[in-house]
Amino acid sequence: MRLRLNGCPCCGDTPSGMWHRRHFLRAAGAAMASATLAPAGALADAASTGAASTGAAAGAVPTIAYDSVPDPVRMPTDMYLGECSGVAVNSKGHVFVLSRGDTTGPAYGAAAAQLLEFDPDGRFVREIGHRLYAWSFAHAVKVDAADNVWVTDKGSDMVIKFTPEGRVALVLGRKQEAADELTAPLKHPNPPLPAVDGYFRQVTDVAWDAAGNSYISDGYINSRVAKVDRDGNWVKSWGERGTGPGQFHTPHSIAVDAQGLVYVADRSNRRIQVFDGEGAFKRQFTIDVPVPPGARPVIGDMPDEGAIAAGTFAPGSPWAICISPGPDPVLYSSDAYPGRIYRMTLDGRVLGVLGQAGRQPKQFGWIHQMACPTKDTLYVAELLNWRVQKLVLHA
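Thresholds applied
- Residues numbered from 1 in each chain as written.
- Predicted model: local features only at pLDDT ≥ 70, side-chain atom pairs only at ≥ 80, totals over all residues.
- Heavy atoms only, no water.
- Helix = DSSP H or I, 4+ residues; strand = E, 2+ residues; numbered from the N terminus.
- Buried < 20%, exposed > 50% of the residue type's maximum accessible area, 1.4 Å probe, protein only.
- Contact = heavy atoms within 4.5 Å.
- Areas by Shrake-Rupley, 256 points an atom, 1.4 Å probe, with all protein chains shown as cover.
- Core = buried A, V, L, I, M, F, W, Y, C linked by side-chain atoms within 4.5 Å.
- Pairing = 2+ DSSP bridges.
- Axes fitted to C-alpha atoms, helices over the stretch in contact; angles between N-to-C directions.
- Phe/Tyr/Trp six-rings, centres within 6.5 Å; stacked < 30°, edge-to-face > 60°.
- Lys NZ or Arg CZ within 6 Å of the ring centre and 35° of its normal.
- Salt bridge = Lys/Arg side-chain N within 4 Å of Asp/Glu carboxyl O.
- 1 Å grid on protein atoms, 1.4 Å probe; cavity = no way out; pocket = protein on both sides within 12 Å on 5 of 7 lines; lining within 4 Å.
- Points joined across faces, edges and corners; volume = space filled by probe spheres on them.

Visitor: Please clarify how the overall build of the chain should be interpreted in this entry.
Guide: From N to C terminus, the chain includes three helices and 25 strands. Looking at the chain as a whole, 57% of its 395 residues qualify as buried. A separation of at least 24 residues holds for 54% of the contacts in the chain among residues at least 6 apart in sequence. If you sum the accessible surface of the chain, you get close to 16200 Å²; carbon and sulfur atoms cover 53% of it.

Visitor: Got a minute to help me understand the nonpolar core in this structure?
Guide: Most often, soluble globular proteins keep nonpolar side chains buried together rather than apart. With 18 residues, the main nonpolar core has Tyr263, Ile272, Val289, Ile321, Leu331, Met344 and Val350 as its most contacted residues. If we skip the residues at most four places from it in the chain, Ile321 touches Ser253, Ile254, Ala255, Tyr263, Val264, Ala265, Ile272, Leu331, Tyr332, Ser333 and Met370.

Visitor: It is not clear to me how the sheet that holds strand β4 (residues 95-100) should be interpreted in this structure. Could you clarify?
Guide: Remark on secondary structure: sheet strands pair via backbone hydrogen bonds, oriented parallel or antiparallel. On the basis of which strands lie adjacent, the open sheet formed by four strands has the order β3-β4-β5-β6 and antiparallel pairing. The outermost strands of the open sheet, each flanked by one partner alone, are β3 (83-89) and β6 (124-128). Ignoring which end each strand starts from, the neighbouring axes of this sheet average 25 degrees apart. When strand β5 (residues 114-118) meets β6, the two strands line up antiparallel, connected through four bridges. For Glu117, the partnering residue across the bridge sits in β6 and is Arg126.

Visitor: Could you clarify how one ought to interpret the packing of aromatic side chains in this entry?
Guide: For any pair of aromatic rings, geometry is given as the distance between the ring centres together with the angle between the planes. Using the criterion set out here, one finds twelve aromatic pairs in the structure. Consider the rings of Tyr66 and Phe364, whose centres lie 6.5 Å apart with planes at 20 degrees: the pair is stacked. Placement of the pair is Tyr66 in strand β2 (residues 66-69) and Phe364 in the loop between β22 (350-354) and β23 (367-374), with a sequence separation of 298 residues. Each member of the aromatic cluster is reached from another via a ring pair, and the members are Tyr215, Trp238, Phe248, Phe275 and Phe281. Note that Lys154 overlies the ring of Tyr220, its terminal NZ or CZ placed 4.2 Å from the centroid. Here the guanidinium or amino end of Lys175 rests over the ring plane of Tyr133, the centre of that ring lying 4.4 Å away.

Visitor: What is the right way to read the pattern of salt bridges from this model?
Guide: Between side chains of opposite charge, a pair can form when the charged atoms approach closely. Overall, the coordinates contain 15 salt bridges when judged by the stated rule. Taking the shortest distance from any N to any O, the salt bridge between Asp147 and Lys92 comes out at 3.6 Å. With Asp147 in the loop between β7 (138-143) and β8 (149-153) and Lys92 in the loop between β3 and β4, this pair connects stretches of sequence that are 55 residues apart. Taking the relative accessible area as the measure of exposure, Lys92 reaches 59% and is therefore exposed. The salt bridge involving Arg387 is made with Glu382; its shortest N-O contact spans 2.8 Å. The exposure class of Glu382 is buried, given its relative accessible area of 0%.

Visitor: How should I be thinking about empty space enclosed by the protein in this particular structure?
Guide: Any empty space left between the atoms is revealed when a probe the size of a water molecule rolls over them. All chains considered together, the criterion is met by two cavities of 30 Å³ or more. If you add up the space inside the largest cavity, you get close to 40 Å³. Together, Ser85, His139, Ala140, Thr204, Asp205, His252, Ser253, His368 and Gln369 line the largest cavity. Of all elements in the fold, only β7, β11 (203-208), β15 (251-256) and β23 reach the threshold of two or more residues within the lining of the largest cavity.

Visitor: When you look at the pairing of β23 in this model, what are you seeing that I'm missing?
Guide: Side-chain direction in a regular strand flips from residue to residue, so the side chains alternate between the two faces of the sheet. Of all eight residues that make up β23, six are buried, and the element is covered over most of its length. Where β23 meets strand β24 (residues 377-382), five bridges bridge the pair, whose relative direction is antiparallel. The residue bridging Met370 from the neighbouring strand is Val380, located in β24. Adjacent in sequence and paired antiparallel, β23 and β24 are bridged by two residues.

Visitor: Please clarify how the sheet that holds β24 should be interpreted in this entry.
Guide: Overall, antiparallel pairing links the four strands, which are arranged β2-β25-β24-β23 in an open sheet. Only two strands of the sheet have a single partner each, and these edge strands are β2 and β23. Taking each pair of neighbouring strands and ignoring which way they run, the sheet shows an average axis angle of 25 degrees. Examined bridge by bridge, β2 and strand β25 (residues 387-393) share four bridges and lie antiparallel to one another. Directly across from Val69, in β25, lies its bridge partner Lys390.

Below, the structure is given as structure tokens:
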């Protein structure tokens, strides 16, 4: 079948060639034959350098039972969510939704970003940063250990830190000037233009270590991770476009564990890479759970070889990751096709899977970000279904 989704329509990925036809056929064939995983071989670049690279698991992968809580967030009359690109939860259980709503401007290139807060019962509390200068094209929202709310905006190339009271506390990056005649959507040259310290090009996500350092995935063009200290000073960055260890093709989501290790969802390369806080490569793993028979994408034709090679719509390609707090943390990762969430150990062993692509409760339409305030509670923000779901897992 002809494929219309040969890149990410929301985010503009381009092919990486990372996941080849034989891997897809092997996974799909295994699903038809049995429930046993085919462990992935080491990536060629990792093998050549001696770097650790593993498949996600070997053995049968259980299906996790779960419920979707009805109406986890409720909008006021005459307010509407757009594509939900981000969701986060603070220490008081308040839910923050980053939506591509409140759209203004022309049909093409319109500004689309709105940050909304809800109480633990789902009641609307407020909009934060109404018509903020940084709002252009919403990407991700996170809450740090002090309940500050951070937003990454792919369109303005900016990262904004709000205090718990909703005031702007820190601005990273810089938006193009509206008065400049050259201001226009960023191009995606291959190879990309050299990255510049302090600037982002289509930034995607942010996470923090215990010392308050920020790690920023930067993103669709620069293909790197930036480190900024607690005062906003630029420390360093690492990574470039490529498929080897420490290289990226669309670092789309990022998380930091209690030991300070940095996990990067290298989406178009269909892998999760792990680094220390200085950017030293530690390991990488892929998610190789077989595709269920009869699985269909929620939109568009079945992924063909070109889409699989591009990585974004390959099974197991990590769109969003999060790490649960507390003892015995788990890592969650989501893909767009076949539309599942994977529960894993921090070394990449799959503990279980849940969900499928679709438009009904307990189905998913391109999970763009997840929050996991507890080990068995997930909030998922969906692009295609314009909603947030709260999932309670039956552990």
